[in-house]
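Here is what each chain is made of, one letter per residue.
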Amino acid sequence: EACQDGVLVHQADSSLQCFLPKFQSWFIANNPGYTTYNCSRAQFLNQLMVYRNATTSDGYSVAQKQKLIGFVAGELKYARITLTTTILQQESTAYKAEGRKVLDDMVNQINGNSPSGMNNAFGASFAWVWIESEAGVLRGFFTGLMLCFPVAFIVLVLATSNIIVSFYAIISIGFIVASVLGVTKWIGWALGIGEAIAGVIVIGFSVDYVIHLGHMFVEATHSEGLKATIDRFTFASRKMVPTVAAGGVTTFGAALPLFACQLKFFPKMGTLMASTIAFSFVFSVGFFMALCLLIGPVGRVGDISWMCEQIGLAPYLERWGCLTRNPRAPDELRQSVNVIPKAADNKVEMDELKAGGTVADVEADPLPSTKPDQIPRDTV
């Protein structure tokens, strides 16, 4: 499949350079009664060296023949047969590897039918070396795909401190990466070195928007005391969606000039960047935030500190300094503050307490209606 029309060797006149037929004709013309089949070894090698250094009219220059016929210190060391294949450079690494296998099989067949001393032929080309380089980059790409999701999940957990939100985020990232790779398949691109390099960069782009929205969704509880998913959704949307949209517009705009480049890698990079930004915005705002709204955690549910409390590790981790109490979290405010007086009547009520009143005598607003940063200094 790597070869055009199923033909390995290009059909141009100069694509195959084998000096043997023309050397045979020259040998017969200059050695009457002899051919390359009935002459002695010494005569054959002597005439081959003469042919190599002679100016002939068979289409080969002296420089070309000296590259094809290798004499070192008067001894024949190698003979080259060069050819141009129909394998396209932009084909996938897998297809090009198939073409190389066809040539390797042909060389093995030649060695199998050759006498001793002539059965050490091998195929060599810079293209073969480059295929190995491409294969290494592709292996790195797939290894990166296998590693990126566990690493991204750990980063999400550290950034959001919530297992449930991190799980929703990693699902969204998977959809983003799969959609971008699907675009490359739909366009008809083969998975080559350019796609592999750009694909690794795409993975990093796909994490960006989701992690910001997830962090803000969790921060709604920690900083504002919001517990209901609709309130947290509204807070995250107001605070972060405009920023995410602005970032998407600038990054998408940065990808547009790449489409005008002549080198094929840059338009591919621009296509992958633009599609990644588009899918990242759609899945982060339309899918991830929808998951958080419909089946997202309520309050501190799913937080690392909440999970430690459920299994009884919180006191030990707090004692060791691994966990700290957040005075703005709703559940924790009830543990540290019993009554919050009204701000308007604060002076009168505090005077009553100083005169011997009790906490039960002080009128207070319900806890959720008072923001932590509005708590007076002289609160009981």
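As the structure is a computational prediction, the values presented were derived from the model and not from experiment.

Rules used throughout
Residues numbered from 1 in each chain as written. Predicted model: local features only at pLDDT ≥ 70, side-chain atom pairs only at ≥ 80, totals over all residues. Heavy atoms only, no water. pLDDT = per-residue confidence, 0-100. Helix = DSSP H or I, 4+ residues; strand = E, 2+ residues; numbered from the N terminus. Contact = heavy atoms within 4.5 Å. 1 Å grid on protein atoms, 1.4 Å probe; cavity = no way out; pocket = protein on both sides within 12 Å on 5 of 7 lines; lining within 4 Å. Points joined across faces, edges and corners; volume = space filled by probe spheres on them. Nonpolar A, V, L, I, M, F, W, Y, C, P; charged D, E, K, R; others polar. Buried < 20%, exposed > 50% of the residue type's maximum accessible area, 1.4 Å probe, protein only. Patch = residues over 30% accessible without salt bridge, like charges linked within 9 Å, V, L, I, M, F, W, Y side chains within 5 Å. Areas by Shrake-Rupley, 256 points an atom, 1.4 Å probe, with all protein chains shown as cover. Salt bridge = Lys/Arg side-chain N within 4 Å of Asp/Glu carboxyl O. Phe/Tyr/Trp six-rings, centres within 6.5 Å; stacked < 30°, edge-to-face > 60°. Lys NZ or Arg CZ within 6 Å of the ring centre and 35° of its normal. Axes fitted to C-alpha atoms, helices over the stretch in contact; angles between N-to-C directions. Parallel < 35°, antiparallel > 145°, perpendicular 65-115°, else oblique. Left-handed = near helix turned anticlockwise from the far one by under 90°.

Trainee: Any details on the confidence of the model for the protein? Residues and values, ideally.
Mentor: Reading predicted coordinates in detail is not appropriate for stretches of low pLDDT. Chain-level pLDDT for the protein is 76 on average; 76% of the residues reach the 70-or-more range. The lowest-confidence element of the protein is helix α12 (residues 330-336), averaging 37 in pLDDT; the highest-confidence one is helix α2 (residues 41-53), averaging 91. A low-confidence stretch, residues 329-380 stays under pLDDT 50, and its non-local contacts, those more than four residues away or across chains, total 56 contacts.

Trainee: Can you tell me about the layout of surface pockets, naming the residues and giving the values?
Mentor: Empty space within the largest pocket amounts to approximately 2,000 Å³. What lines the largest pocket is a set of 48 residues, and nearest its centre among them are A79, R80, I81, A121 and F122. Going through the elements one at a time, α1 (20-30), α2, β3 (75-79), β4 (82-83), α4 (93-112) and α5 (126-160) are the ones with two or more residues in the lining of the largest pocket. Top contributing element to the lining of the largest pocket by residue count: α5, with six residues. Tallied by class, the residues present in the lining of the largest pocket amount to 31 nonpolar, twelve polar and five charged.

Trainee: Talk me through empty space enclosed by the protein; I want residue IDs and the actual numbers.
Mentor: In this structure the tally under the stated criterion is two cavities of 30 Å³ or more. In this model, the second largest cavity occupies a volume close to 30 Å³. Taken together, F141, L145, V177, V180, L181, G199, V202 and I203 make up the full set of residues lining the second largest cavity. Contributing elements (two or more residues each) for the lining of the second largest cavity: α5, α6 (163-187) and α7 (193-224). Residue composition of the lining of the second largest cavity, grouped by class: seven nonpolar, one polar and no charged.

Trainee: For the environment of C148, give the residues involved together with the corresponding values.
Mentor: Here C148 shows up in helix α5. Here C148 falls in the buried class, since its relative accessible area comes to 13%. C-alpha separation for the pair C148 and G204, spaced 56 residues apart in sequence, amounts to 8.7 Å.

Trainee: Any details on a nonpolar patch on the surface? Residues and values, ideally.
Mentor: Among the surface-exposed residues, L16, I81, L83, M106 and I110 lie close enough to one another that they form a single nonpolar patch of about 420 Å² accessible area. In this fold, I110 is placed in helix α4. Judged by relative accessible area, which is 43%, I110 ranks as partly exposed.

Trainee: Run through the packing of aromatic side chains, naming residues and quoting values.
Mentor: Under the definition given, this model contains twelve aromatic pairs. For the ring pair F167 and Y168, a centre distance of 6.3 Å and an interplane angle of 50° mean the geometry is tilted. Between the aromatic rings of F283 and F287, the centroid separation amounts to 6.2 Å while the plane-to-plane angle is 75°, which identifies the pairing as edge-to-face. With a gap of four residues between them, F283 and F287 both fall in helix α9 (residues 265-295), about one helical turn apart. Accessibility expressed as a relative area gives 18% for F283, which makes it buried. Judged by relative accessible area, F287 falls into the partly exposed class, the value being 26%. By way of ring pairs, the aromatic residues F23, W26, F27, F44 and Y51 are connected into one cluster. The residue whose ring lies beneath K22 is Y60, and the NZ or CZ to ring-centre distance is 4.7 Å.

Trainee: Account for the pattern of salt bridges, naming residues and giving values.
Mentor: Under the definition given, this model contains three salt bridges. For E75, the salt bridge identified is with K77, shortest N-O distance 3.4 Å. For E75, a relative accessible area of 46% puts it in the partly exposed group. Classification of K77 as exposed rests on a relative accessible area of 53%. K101 serves as the salt-bridge partner of D105, at 3.2 Å between the closest nitrogen and oxygen. Of this pair, D105 and K101 both sit in helix α4, four residues apart, which is roughly one turn of that helix.

Trainee: An account of the environment of F235 is needed here, citing residue identities and associated values.
Mentor: With respect to the helices and strands, F235 occurs in helix α8 (residues 229-255). Residue F235 is classed as buried on the basis of its relative accessible area, which comes to 13%. Apart from residues lying up to four places away in sequence, F235 is in contact with M216, E219, A220, S223, E224 and L226.

Trainee: Please provide a residue-by-residue account of the packing of α7 against α9, values included.
Mentor: Running from N to C, α7 and α9 point in directions that differ by 25°, and their axes come no closer than 9 Å. Comparing the axis directions of α7 and α9 gives the class roughly parallel. Where α7 crosses over α9, the two elements pack in a sense that is right-handed.

Trainee: Explain unusual backbone geometry to me, using residue names and the numbers behind them.
Mentor: Residue A73 is not a glycine yet carries a positive backbone phi of 55°. By the element assignment, A73 lies in the loop between β2 (69-72) and β3. Given the relative accessible area of 79%, A73 is considered exposed.

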